[in-house]
Amino acid sequence: MVATHPVEVQLSGNQYLSTRNGDLTISPNQELLPLTARVNHQDCLEIGGCDVTTLVQQFGSPLYILDEATLRTACQQYRDTFKQYYKGESQVLYASKAWNCLAVCAIVASEGLGIDVVSGGELYTALQAGVDANKIYLHGNNKSRQELVFAIESGCTIVVDNWYELKTLVELTTTDSPTRIMLRLTPGIECHTHEYIRTGHLDSKFGFDPNDLDQVFAYVSEQPSLKCLGVHAHIGSQIFERQPHRDLGAVMVQWLRDAKKYNLELTELNVGGGLGIKYTESDDPPSIEEWSKAICEVVQAACAAENLPLPKLLCEPGRSLIATACVTAYTIGSSKTIPDIRTYVTIDGGMSDNPRPITYQSVYRTVVANKMSAPLTETVTVAGKHCESGDILIKNAQLPKTEPGDVLVVMATGAYNYSMASNYNRLPRPAAVLVANGEANLILQRETYEDIIRQDCLPERLK
Ligand code: LLP
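Keep in mind it's a predicted model, so treat the numbers as computed, not measured.

On to the domain arrangement of the protein. By domain assignment, the protein separates into domain 1 (9-67 + 323-451) and domain 2 (139-317). Here domain 1 and domain 2 have C-alpha centroids that lie 35 Å from each other. Every contact between the two is made by 18 residues of domain 1 and, on the other side, 15 residues of domain 2. Of the roughly 1400 Å² buried at the junction of domain 1 and domain 2 (both faces included), carbon and sulfur atoms supply 56%. When residues of domain 1 are sorted by the area they lose upon contact with domain 2, Asn29, Gln30 and Tyr360 head the list and together hold 37% of the total. For the pair domain 1 and domain 2, the number of links is one salt bridge. For Arg365, the salt bridge goes to Glu281, with nearest N and O atoms at 2.9 Å. Put simply, domain 1 and domain 2 have six residue pairs in polar contact (both at pLDDT 80 or more) between them. Among the elements that take part in the side of domain 1 that touches domain 2, helix H11 (residues 356-360) stands out by supplying three residues, more than any other. The residue makeup of the side of domain 1 that touches domain 2, split by class, is eight nonpolar, seven polar and three charged.

Here it is in structure tokens:
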């Protein structure tokens, strides 16, 4: 039995979140929980029609739980907004660094999206998932020769980052079948986000210096083995304002205009990703539709002003496509109360399955899946199980009274969690399940101890 109306779940003293019970009209990046989240009559959290505590019993803990409906909804909202507001051709790519695995690539591609990959490994995964190479774009500021050869042979488009790569590509490509490239430039646009995830300012390791633009265009225009489709830029991640991308769109149209001086007919413009998501109730990002519409409008207006034909418009969101679709379920174990200081409640994972708090001081919200309406009487620090004092998942979490065995759910873990997971302390990486309509399918197996030593070699003389 399931509650038929949205349930208010207490998040902290006066903060509540409403479950959406499958309302797919909402922009996922403005929510904390997946859109299918609801609370059943056992007072347990359900996602995709599956009881989270049952999933943990079935698939083990910790567990990434990916809601297919939320992921598909985000894909559709991006795709349909670009179709609706942009009069030219458009293509949304999924920045798969957020979470690259076979199932995610296959779902996203089935919604008509292309895929942005940043390494041979991500490219391999996307191809193995059946993604059409014509819709794959390879990024990276130091692609190896091996990766470049793989990309050329696969037929994907290469987003060229720097002179060294450009010249290497000229060596590796042949005029009889030119390789499609885009040029990544640093636009010199500042945005307000964590400095590690800011990329558009001039002092960035990514992309050509825009002061080299003329030289780059002149050089590329003389390479018959390269077919330059257009320009690319990405200014940063977890951005809540629309203005930086408006500025970016306008700057990039100028680049298209400048290319004409070199007889380069550039037909594609990729504004990158970066739309933020709600990790806590105080985060207030624009919706997917608002962000996409702003980009369509600015590019159209700038092209009209320059009298340029509309390029194929691309964007490549990662976080806002997948973060909210996933939660991580953990099992609570030990706890420690230091009188007058704090109580630590420890879960069975931590910085190895979610390195974002220790890396970026990211803040997450949590609920106890088997006590959804219990009053929040405790303020605790949720600690991971790693041998590192900094392995704290959530400071000052407001929880009901918990006990060992309770299932703690951390929200919005779909982006840059599994993809940045490690085996620190030789913890096997968790499993991931895809949930939809009451069914759960394994999409990533839990690692075993055999997996942990799979790459180890013990030289004969040490035996
Ligand atoms: N395109 C390029 C070229 C990128 O470098 C990125 C992200 C994206 C698209 C997607 O950006 P998004 O829509 O996800 O904001 N590990 C960090 C985030 C690093 C982002 C790297 N680049 C984190 O956990 O916050």
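What follows concerns the packing of helix H8 (residues 243-259) against helix H9 (residues 288-306). Relative orientation of the contacting elements H8 and H9 amounts to 35 degrees, with a least axis distance of 9 Å. For the pair H8 and H9, the crossing hand works out as right-handed. Across the interface between the two elements, His245, Arg246, Gly249, Ala250, Val253, Gln254 and Arg257 of H8 pack against Trp291, Ala294, Ile295, Val298, Val299, Ala302, Cys303 and Glu306 of H9. Looking at the contact of H8 with H9 residue by residue, the classes come out as nine nonpolar, three polar and three charged.

A few words now on the site of the ligand. Contacts to the ligand come from 19 residues, most closely from Ser237, Glu316, Arg356, Tyr360 and Tyr416. Note that an oxygen atom of the ligand is positioned 3.3 Å from one of the side-chain N or O atoms of Lys97. Within the backbone of Gly274, one N or O atom sits 2.9 Å away from an oxygen atom of the ligand. Protein contacts shield 91% of the accessible area of the ligand, which totals 590 Å² for the unbound molecule. Looking at the shell around the ligand residue by residue, the class counts come to six nonpolar, seven polar and six charged.

Once that is clear, we can look at the layout of surface pockets. If you add up the space inside the second largest pocket, you get close to 240 Å³. In terms of lining, the second largest pocket is formed by Pro357, Ile358, Gln361, Ser362, Val363, Tyr364, Ser389, Gly390, Ile392, Leu393, Ile394 and Lys395. Of all the secondary-structure elements, those providing two or more residues to the lining of the second largest pocket are H11 and strand E19 (392-399). Examining the composition of the lining of the second largest pocket, we find that four residues originate from one element, E19, more than from any other. Of the residues belonging to the lining of the second largest pocket, the class tally is seven nonpolar, four polar and one charged.

Reading the values: the criteria
Residues numbered from 1 in each chain as written. Predicted model: local features only at pLDDT ≥ 70, side-chain atom pairs only at ≥ 80, totals over all residues. Heavy atoms only, no water. Domains from an automatic or database assignment. Contact = heavy atoms within 4.5 Å. Buried area = accessible area lost by both parts, 1.4 Å probe. Salt bridge = Lys/Arg side-chain N within 4 Å of Asp/Glu carboxyl O. Polar contact = N/O pair within 3.5 Å; in protein donor to acceptor, adjacent residues only side chain to side chain. Helix = DSSP H or I, 4+ residues; strand = E, 2+ residues; numbered from the N terminus. Nonpolar A, V, L, I, M, F, W, Y, C, P; charged D, E, K, R; others polar. Axes fitted to C-alpha atoms, helices over the stretch in contact; angles between N-to-C directions. Left-handed = near helix turned anticlockwise from the far one by under 90°. Near = heavy atom within 4 Å. Areas by Shrake-Rupley, 256 points an atom, 1.4 Å probe, with all protein chains shown as cover. 1 Å grid on protein atoms, 1.4 Å probe; cavity = no way out; pocket = protein on both sides within 12 Å on 5 of 7 lines; lining within 4 Å. Points joined across faces, edges and corners; volume = space filled by probe spheres on them.

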